[in-house]
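# Working through the structure, step by step
What follows is each chain in one-letter form.
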Amino acid sequence: EAGVVQSPRYKIIEKKQPVAFWCNPISGHNTLYWYLQNLGQGPELLIRYENEEAVDDSQLPKDRFSAERLKGVDSTLKIQPAELGDSAVYLCASSPGLANTGELFFGEGSRLTVL
Amino acid sequence: AQSVTQLDSQVPVFEEAPVELRCNYSSSVSVYLFWYVQYPNQGLQLLLKYLSGSTLVKGINGFEAEFNKSQTSFHLRKPSVHISDTAEYFCALNTNAGKSTFGDGTTLTVKP
C-alpha cells in the first residue's frame, strides 16, 4: 500500500515568490492534514480536511496561505507571497476518518527555504 | 485546551543502555496518546499508541510506554538502545474532536 506522497521534497525560492506543495494521501483516508514544522519544534496544524471540507483552518494564515482539496483526495497548499519566516518543513498527513482515534500517517515532508 | 510537554529536549545515551523519554500532557477531556519517531529528512512514523485498556503499551523496535493518568504522563522506554535509534521522538495527544497536539520533540542520540 502506498503511503502519503508529497512533492516537491525540497524547494528554494526568493522572498515574495509563490510556492505550492502537493499531497496525495493514503487511498481511502478521508481526513487530510497540513502541518508546519519549524526547526526544533513539533508539527503545528495548519488545516484539516474531512473529505473536501476544511473543518479546522483556524491556524492557517489566510492572508498568504491557501489550501484546497477539490475532489476529497489530493490537496495543494499554496503560499503567496512567501516570507523569510515561512522557511520550514510542510508535512502532509492522513487518517482513515471521523471515527479515527487520531493515528496519523505522514508523508516525508516538503522543505521550503525562502531566501 | 490541551498541551504536551516533553521534558528533555536532548537525551544522549550509550549503545545498549536503557533510555526513558519523558512526556507529560494536559487535557480537560479524554485523550489518546501517541509516540512518533522522525529520522533525518523523513516524516513522522508511529512508534506506539495508547487508546484504552492496559496502561503499558508496546510498539515497534522494542519501545514501550506507560500511561499514567494520575500523573498525566506517557513516558517512552527502551531497555537497550541501538545506534539506529538515533532520531527525534515526538509525543502527541488526540481528542475525540480530532485535534492532535504535539510536543516539541526529544532528540535521542545513541553513542557507540
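Before any of the text, the structure's been laid out above.
Attention here is on the structure that accompanies the text. Just so you know, the residues in each chain are numbered from 1, in the order the chain's sequence is written. Chains and ligands are labelled by the order in which they are written, letters from A for the one and numbers from 1 for the other. Residue-level local features of this predicted model are given only where pLDDT is at least 70; pairs of side-chain atoms are given and counted only at 80 or more, and the full residue set underlies all totals for whole chains, interfaces and linings. With hydrogens and water set aside, each side-chain value is computed from the structure's full complement of heavy atoms.

## With respect to the overall build of chain A
- Every helix listed is a DSSP run of H or I at least four residues long, and every strand listed is a run of E at least two residues long, numbered separately from the N terminus. When helices and strands are counted, chain A shows zero helices and eleven strands.
- Seen in sequence order, chain A has helices and strands lined up from the N terminus as β-β-β-β-β-β-β-β-β-β-β.
- C-alpha extents for chain A along the principal axes are approximately 40 × 25 × 25 Å.
- Relative accessibility under 20% of the residue-type maximum defines a buried residue, over 50% an exposed one, and the middle range a partly exposed one, all with a 1.4 Å probe and only protein chains included. The buried share among the 115 residues of chain A stands at 48%.
- Considering only residue pairs separated by 6 or more positions, chain A has 53% of its internal contacts joining residues 24 or more positions apart.
- When the accessible area of chain A is evaluated, it comes to approximately 5700 Å², of which 50% is carbon and sulfur surface.
- In this tally, Lys and Arg are treated as positive and Asp and Glu as negative; His is ignored, and so are the chain termini. Just so you know, the charge point we use is NZ for Lys, CZ for Arg, CG for Asp and CD for Glu. On chain A, the mean spot of the 11 positive side-chain charges and the mean spot of the 15 negative ones are 7 Å from each other. Contact definition: two residues touch when any of their heavy atoms are within 4.5 Å. In this description, accessible areas are obtained by the Shrake-Rupley approach with a 1.4 Å probe, and a residue is regarded as covered only by the protein chains that are shown.

## Focus on the sheet that holds strand β7 (residues 65–68) of chain A
Residue and element names in this part refer to chain A.
- Should DSSP find at least two bridges between two strands, the strands are taken to pair. Strand order in the open sheet made by the four strands is β1-β3-β8-β7, with antiparallel pairing throughout. Looking at strand neighbours, the two that pair on one side only are β1 (5–7) and β7, the edges of this open sheet. Neighbour-to-neighbour, the strand axes of this sheet turn through a mean angle of 15 degrees, independent of strand direction.
- As judged from the five bridges shared by strand β3 (residues 19–24) and strand β8 (residues 75–79), these two strands associate in the antiparallel manner. Angles here are taken between N-to-C directions and fall from 0 to 180 degrees, while the axes themselves are lines fitted to C-alpha atoms, restricted in helices to the stretch in contact.

## A short note on the pattern of salt bridges
- Just to be clear on terms, a salt bridge is a Lys or Arg side-chain nitrogen sitting within 4 Å of an Asp or Glu carboxyl oxygen. Here the structure, examined in full by the defined rule, presents eleven salt bridges over all chains.
- Between Asp57(A) and Lys62(A) there is a salt bridge, and its shortest N-O distance comes to 3.8 Å.
- Here Arg22(B) makes a salt bridge to Asp8(B), at a shortest N to O gap of 2.9 Å. Linking Arg22(B) in the loop between β3 (19–21) and β4 (23–26) with Asp8(B) in the loop between β1 (3–6) and β2 (10–14), this pair joins segments that are 14 residues apart in sequence.
- Using a relative accessible area of 32% as the deciding quantity, one classes Arg22(B) as partly exposed.
- We classify Asp8(B) as buried; its relative accessible area is 19%.
- Ionic contacts of the salt-bridge type, sharing partners, join the residues Arg64(A), Glu83(A) and Asp86(A) into one network.

## Things to note about unusual backbone geometry
- Omega for the bond connecting Ser7(A) with Pro8(A) falls within 30 degrees of zero, at -10 degrees, which places this linkage in the cis form.
- With omega at -5 degrees, the peptide bond leading from Gln80(A) into Pro81(A) counts as cis.
- With a phi angle near 60 degrees, Asn41(B) is a residue other than glycine that sits in the positive phi range.
- Considering the arrangement of structural elements, one finds Asn41(B) in the loop between β5 (31–38) and β6 (44–50).
- The residue Thr72(B) is not glycine, and still its phi comes out positive at about 45 degrees.
- Within the fold, Thr72(B) resides in the loop between β8 (64–68) and β9 (73–78).
- Here Thr72(B) falls in the partly exposed class, since its relative accessible area comes to 30%.

## Some remarks on the interface of chain A and chain B
- Counting residues at the interface gives 20 residues for chain A and 20 residues for chain B.
- Put simply, buried area is how much 1.4 Å-probe accessible surface two parts lose in total, over both of them, once they are put together. Approximately 1600 Å² of surface area, both sides summed, lies buried where chain A meets chain B, with 46% of it carried by carbon and sulfur atoms.
- On the chain A side of the contact with chain B, Thr101(A), Glu103(A) and Phe106(A) bury the most area, a combined 30% of that side's loss.
- Glu103(A) is the salt-bridge partner of Lys49(B), the closest N and O atoms lying 2.7 Å from each other.
- Nitrogen and oxygen atoms within 3.5 Å of one another constitute a polar contact, given that in protein one can donate a hydrogen and the other can accept it, and given that sequence-neighbouring residues count only through two side-chain atoms. Where chain A meets chain B, there are four residue pairs in polar contact (both at pLDDT 80 or more).
- In terms of residue count, strand β4 (residues 31–37) of chain A provides more of the side of chain A that touches chain B than any other element does, three residues in total.
- All residues other than Ala, Val, Leu, Ile, Met, Phe, Trp, Tyr, Cys, Pro, Asp, Glu, Lys and Arg, Gly among them, are scored as polar; the first ten of these are nonpolar and the last four charged. Residues belonging to the side of chain A that touches chain B are distributed by class as follows: seven nonpolar, seven polar and six charged.

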